[in-house]
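# Descriptive structure summary
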Amino acid sequence: MSFRSEKYNENFHSTSGAYNETKNKFINPSRLKRFKKKSINVLDICFGMGYNSALLFENLIIELSILKWYGLELDKRSLNYALTDKTFNNLWNPKVIEILNSLNSKGLYKNKNFDCDLIIGDARKAIYKLPEKINFDLIFLDSFSPQKCPELWSHEFLSQIRDKIKYKGYLITYTSAAAVRKSLRNLGFNLFNIRPTLSEKNNWSNGTLATFDNQQNNPYITQLSEMEIEHLNTKASIPYRDPTGEMLSKEILDIRKKEQQFSNLLDTNSWRKKWEMA
Ligand SMILES: C[S@@+](CC[C@H](N)C(=O)[O-])C[C@H]1O[C@@H](n2cnc3c(N)ncnc32)[C@H](O)[C@@H]1O
């Protein structure tokens, strides 16, 4: 069960299905067992219907972790609709449904181990509402694609995220867009490719994991390939810029397009041809 946004003209989840996408792109690479009986701080940017966090909650309940969680979301109707759907309700254990219901009705949930707050509004502004001192072990960034919603992939917004993550923390996103990766690399992150699963063997990537720590022992990620590193030297790597944090998607896209026209970087089509991509 998933949604399509009319505003962004894009599906909430890929064709592999919402649950699989969450598991393969966000939850497996997070390696939540590391937090067995330990504290963990998580920020879910673009909470939407809540798949990523619902599966996170389910795993952390099993691990008896102590969770401090924040979700950022523009439109609270997605969770509200999802909770009226029987299939969605049947996916999760009753404790997870209790958390989601509480987030839906009160915007928060608290018990002995979990302390969760959902902040509704534009994530570019909502991020300032997070306590100044908190640093996250995990940040999920699950916005619509960069070409549809560039405001949440801008160098400036990614820089805000960088300031909120622990040294060993993971920023996880489904995108492998060169512009996003290049900004993250310029912000000091080490980049890893999230491995596609066997059934997705025609894809070269399931997304990006960014972290400051270079010592990774994580079976769900690989170093960037030569092809991916070259991608970061093409025109596709020109970042999305939103210096005021208030620009409209179209303004951000127009400015980037102009920058691409005047750029001396390798043409992205030549890169595609070289690596025999459709
Ligand atoms: C791909 S969907 C997220 C799917 C979600 N993670 C889930 O598991 O259901 C993208 C979400 O980004 C939200 N969004 C778009 N622009 C936003 C913004 N500026 N600030 C916060 N959320 C935004 C949309 O409302 C939508 O719920």
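None of the values given here were measured: they were computed from a predicted structure. (Residues numbered from 1 in each chain as written. Predicted model: local features only at pLDDT ≥ 70, side-chain atom pairs only at ≥ 80, totals over all residues. Heavy atoms only, no water.)

### Description of unusual backbone geometry
Basically, it comes down to this: By definition, any uninterrupted DSSP run of H or I lasting at least four residues is a helix, any uninterrupted run of E lasting at least two residues is a strand, and each is numbered from the N terminus. Note on exposure labels: buried denotes an accessible area under 20% of the residue type's maximum, exposed denotes more than 50%, and partly exposed covers the range between, all computed with a 1.4 Å probe on protein chains only.
You will see that Arg31, though not glycine, has its phi angle at about 50°, which is positive. Its identity as a non-glycine residue notwithstanding, Leu64 has a phi of 55°, on the positive side. With respect to the helices and strands, the residue Leu64 is situated in the loop between α2 (51–62) and β4 (66–73). Overall, Leu64 belongs to the partly exposed group, its relative accessible area being 46%.

### Some remarks on the pattern of salt bridges
Definition in use: By convention in these notes, a salt bridge is any Lys or Arg side-chain nitrogen within 4 Å of a carboxyl oxygen on Asp or Glu.
Applying the stated rule across the entire model yields 18 salt bridges. The partner of Lys25 in a salt bridge is Glu21, with the nearest N and O atoms 3.4 Å apart. Of this pair, Lys25 and Glu21 both sit in helix α1 (residues 18–30), separated by four residues, roughly a single helical turn. Assessed through its relative accessible area of 9%, Lys25 is described here as buried. Taking the shortest distance from any N to any O, the salt bridge between Asp213 and Lys168 comes out at 3.2 Å. Of this pair, Asp213 sits in the loop between β10 (208–211) and β11 (221–223) while Lys168 is found in strand β8 (residues 165–173), placing the two residues 45 residues apart along the sequence. Given a relative accessible area of 7%, Asp213 falls into the buried group. Each of Lys68, Lys110, Asp115 and Asp117 takes part in one network of salt bridges that share partners.

### Overview of the site of the ligand
Test applied: The nearness test applies per residue and asks whether one of its heavy atoms lies within 4 Å of the molecule or strand. Throughout this description, a polar contact denotes any pair of N or O atoms lying within 3.5 Å of each other; where both atoms belong to protein, one of them has to be capable of donating a hydrogen while the other can accept it, and for residues adjacent in sequence the pair is counted only when both atoms sit in side chains. What sets the accessible areas is the Shrake-Rupley method with a 1.4 Å probe; for residues, cover comes only from the shown protein chains.
Around the ligand lies a shell of 20 residues, among which Cys46, Met49, Glu73, Ala123 and Asp142 are the nearest. Taking Cys46, its main chain carries an N or O atom lying 2.9 Å from a nitrogen atom of the ligand. Separating a nitrogen atom of the ligand from a backbone N or O atom of Leu74 is a distance of 3.1 Å. In isolation the ligand has 600 Å² of accessible area, and contact with the protein removes 97% of it.

### Let's talk about the side chain of His231
Under the convention used in this document: Should any heavy atoms of two residues lie within 4.5 Å, those residues are counted as being in contact.
Along the chain, His231 turns up in helix α9 (residues 226–231). Those residues in contact with His231 that sit more than four places away from it in its chain are Ser176, Ala178, Trp204, Ala236, Ser237, Thr268 and Trp271.

### A closer look at the pairing of strand β6 (residues 114–120)
Quick note on the threshold: One bridge is not enough; two strands pair if DSSP finds at least two bridges between them.
Within β6, five of the seven residues are buried, which leaves the element mostly enclosed by the surrounding structure. Pairing of β4 with β6, which is carried by seven bridges, proceeds in the parallel orientation. Its bridge partner lying in β6, Gly71 is registered against Leu118. The sheet contact formed by strand β5 (residues 108–110) and β6 spans three bridges and is antiparallel. For Leu108, the partnering residue across the bridge sits in β6 and is Asp117.

### A look at the packing of aromatic side chains
Under the convention used in this document: Pairing of aromatic side chains requires ring centres within 6.5 Å, counting the rings of Phe and Tyr and the six-membered ring of Trp. Pairs whose planes differ by under 30 degrees are stacked, by over 60 edge-to-face, and all others tilted.
Across all of its chains, the model carries twelve aromatic pairs by this definition. Aromatic pair Trp153 and Tyr174: ring centres 5.9 Å apart, planes at 85°, arrangement edge-to-face. Placement of the pair is Trp153 in the loop between β7 (136–141) and α7 (155–162) and Tyr174 in the loop between β8 and α8 (178–186), with a sequence separation of 21 residues. The exposure class assigned to Trp153 is buried, which follows from its relative accessible area of 0%.

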